[in-house]
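Fold and geometry: a report
So the chains spell out like this:
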Amino acid sequence: KQEVTQIPAALSVPEGENLVLNCSFTDSAIYNLQWFRQDPGKGLTSLLLIQSSQREQTSGRLNASLDKSSGRSTLYIAASQPGDSATYLCAVRRDGNTGKLIFGQGTTLQVKP
Amino acid sequence: NAGVMQNPRHLVRRRGQEARLRCSPMKGHSHVYWYRQLPEEGLKFMVYLQKENIIDESGMPKERFSAEFPKEGPSILRIQQVVRGDSAAYFCASSPLTGNEKLFFGSGTQLSVL
């Protein structure tokens, strides 16, 4: 059974710091991995999607890496801003025939001005 | 192109009543997924539907919960005889096709059972 774990559960950093959020999964047989952002009381916004054959994806100040063999992904946020404050979720997809995602519990990030 | 639309945003029900949650997928999307986020827990998959078909309902409780995605109109998640433990945020997501497409999520419906 696939399990997804995110560490740390919460993180508080001063503005401008570079930071790394971690995601690990127990079954390396994944189709892809997706990072989301969730703001309080709101839905999920997709940030980056990494296919199982890829090693990383970049979008602006965000970079996500994937090491399937070790069951790990990281989300790197450069030059953090207060607007980055949110909960970050990673989710793995088992196969391409279904959009069923297995989510981690999330990391709640606070960036202080 | 409007995103995934869910309504209502907030729904309050008393124990024993029925709750109906609606989801209109993005234009051109024919696949709908429902997820539930219980307090202090992560999002859990409930059901995957295509038009007029339930593809995977492995995450749905066996009793009181049902879902449909008719040929015309929104997808409906129906909870009969609600209990306090049903209080949660219910999210709908859609995608155009299976494969490597991203899922796009709605803003969710917050269900509160009194």
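Structure's up top.
Calculation criteria
- Residues numbered from 1 in each chain as written.
- Chains lettered and ligands numbered in written order.
- Predicted model: local features only at pLDDT ≥ 70, side-chain atom pairs only at ≥ 80, totals over all residues.
- Heavy atoms only, no water.
- Contact = heavy atoms within 4.5 Å.
- Buried area = accessible area lost by both parts, 1.4 Å probe.
- Salt bridge = Lys/Arg side-chain N within 4 Å of Asp/Glu carboxyl O.
- Polar contact = N/O pair within 3.5 Å; in protein donor to acceptor, adjacent residues only side chain to side chain.
- Helix = DSSP H or I, 4+ residues; strand = E, 2+ residues; numbered from the N terminus.
- Nonpolar A, V, L, I, M, F, W, Y, C, P; charged D, E, K, R; others polar.

Considering the interface of chain A and chain B
On the chain B side, the residues contacting the 23 residues of chain A number 22 residues. In total, about 1700 Å² of surface goes out of reach between chain A and chain B, with carbon and sulfur atoms giving 49% of it. Summed over the three residues of chain A that lose the most area to chain B, namely Leu44, Lys100 and Phe103 of chain A, the buried surface amounts to 25% of that side. Counting across the interface, chain A meets chain B through 0 salt bridges. At the boundary of chain A with chain B, the tally comes to 4 residue pairs in polar contact (both at pLDDT 80 or more). Secondary-structure elements contributing two or more residues to the side of chain A that touches chain B are β4 (32-38), β5 (44-51), β9 (86-93) and β10 (101-103) of chain A. A class-by-class count of the residues in the side of chain A that touches chain B yields 7 nonpolar, 13 polar and 3 charged.

A short note on the side chain of Ser95 of chain B
For Ser95 of chain B, the location among the structural elements is in strand β9 (residues 88-95). Those residues within four positions of Ser95 of chain B in sequence are excluded, and the remaining contacts are His29, Ser30, His31, Tyr33, Lys102 and Leu103 of chain B.

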